[in-house]
Amino acid sequence: MIDLALKQALRSQCRHRVGAVLLAGRRVIAASPNRRRNDPAVSFLHATFHAEEVVLRRAGRTTGSAVYVARVDAVGAARLAKPCPRCQVALIAAGVSRAYYTVDPHTIGTLDLDSLSLKPTRISSI
Ligand SMILES: [Zn+2]
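Conventions we followed
- Residues numbered from 1 in each chain as written.
- Predicted model: local features only at pLDDT ≥ 70, side-chain atom pairs only at ≥ 80, totals over all residues.
- Heavy atoms only, no water.
- Core = buried A, V, L, I, M, F, W, Y, C linked by side-chain atoms within 4.5 Å.
- Buried < 20%, exposed > 50% of the residue type's maximum accessible area, 1.4 Å probe, protein only.
- Helix = DSSP H or I, 4+ residues; strand = E, 2+ residues; numbered from the N terminus.
- Contact = heavy atoms within 4.5 Å.
- Salt bridge = Lys/Arg side-chain N within 4 Å of Asp/Glu carboxyl O.
- Pairing = 2+ DSSP bridges.
- Phe/Tyr/Trp six-rings, centres within 6.5 Å; stacked < 30°, edge-to-face > 60°.

1. Structural notes on the nonpolar core
In terms of nonpolar packing, the biggest core is built from 19 residues, with L22, V67, V69, V96 and L113 touching the most fellow members. Looking at this core, the elements with two or more residues in it are β1 (17-24), β2 (27-33), α2 (51-58), β3 (66-72), α3 (85-93) and β5 (98-104). Residues within four places of V69 in sequence aside, it is in contact with I2, A5, V18, G19, A20, E52, A81, P83, Y100, Y101 and T102. With eleven residues, the next largest nonpolar core counts L6, V21, A66 and A78 among its residues.

2. A look at the pattern of salt bridges
Taken as a whole and assessed by the stated rule, the structure comprises two salt bridges. For R79, the salt bridge identified is with D73, shortest N-O distance 3.0 Å. Of the residues examined, R79 reaches a relative accessible area of 33% and is grouped as partly exposed. Exposure remark for D73: the relative accessible area of 18% places this residue in the buried category.

3. Topic: the environment of A30
By secondary structure assignment, the location of A30 is in strand β2. Separated by 22 residues in the primary sequence, A30 and E52 have C-alpha atoms spaced 9.8 Å apart.

4. Digging into the pairing of β1
Counting buried positions along β1 gives seven out of eight residues, so the element sits mostly inside the fold. Pairing analysis gives seven bridges linking β1 to β3, with the strands arranged antiparallel. Paired with R17 across the strands is V72, a residue of β3. Two elements, β1 and β2, share six bridges in a ladder whose sense is antiparallel. When the sheet's bridge partners are listed, V21 is paired in β2 with A31.

5. A word on the packing of aromatic side chains
Applying the stated criterion across every chain yields a total of one aromatic pair. Look at Y68 and Y100: their rings are 4.8 Å apart centre to centre, the planes differ by 25 degrees, and that puts the pair in the stacked class. Separated by 32 residues along the polypeptide, Y68 in strand β3 and Y100 in strand β5 bring together distant segments of the chain. Since its relative accessible area comes to 18%, Y68 is described here as buried.

Encoded structure:
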């Protein structure tokens, strides 16, 4: 499935080419490269362009799904594509369980989003 994300990344028109694929079981529910803000396909109301955010917006039910994220460099080789903090928050809020991302051409990283918490911590308990 990381191959599908790499394929999406290669389609990107952005300087940093990232692609994301959202899967429910073995079924692809959304796939997209990152998008420029001025892309007609990107709503200004939700002027986001990270690939993860594009697939979340396109997908319906995302609870329990997995996202595959890939980034490619100028020659198309896989590079680190760990979801940024903003996307991690969006993925967790959407109930996505796991993120798999390219680290380099030979390595895939995993983020267990179910185990990351969005719950606020009381200052007095720190
Ligand atoms: Zn992001």
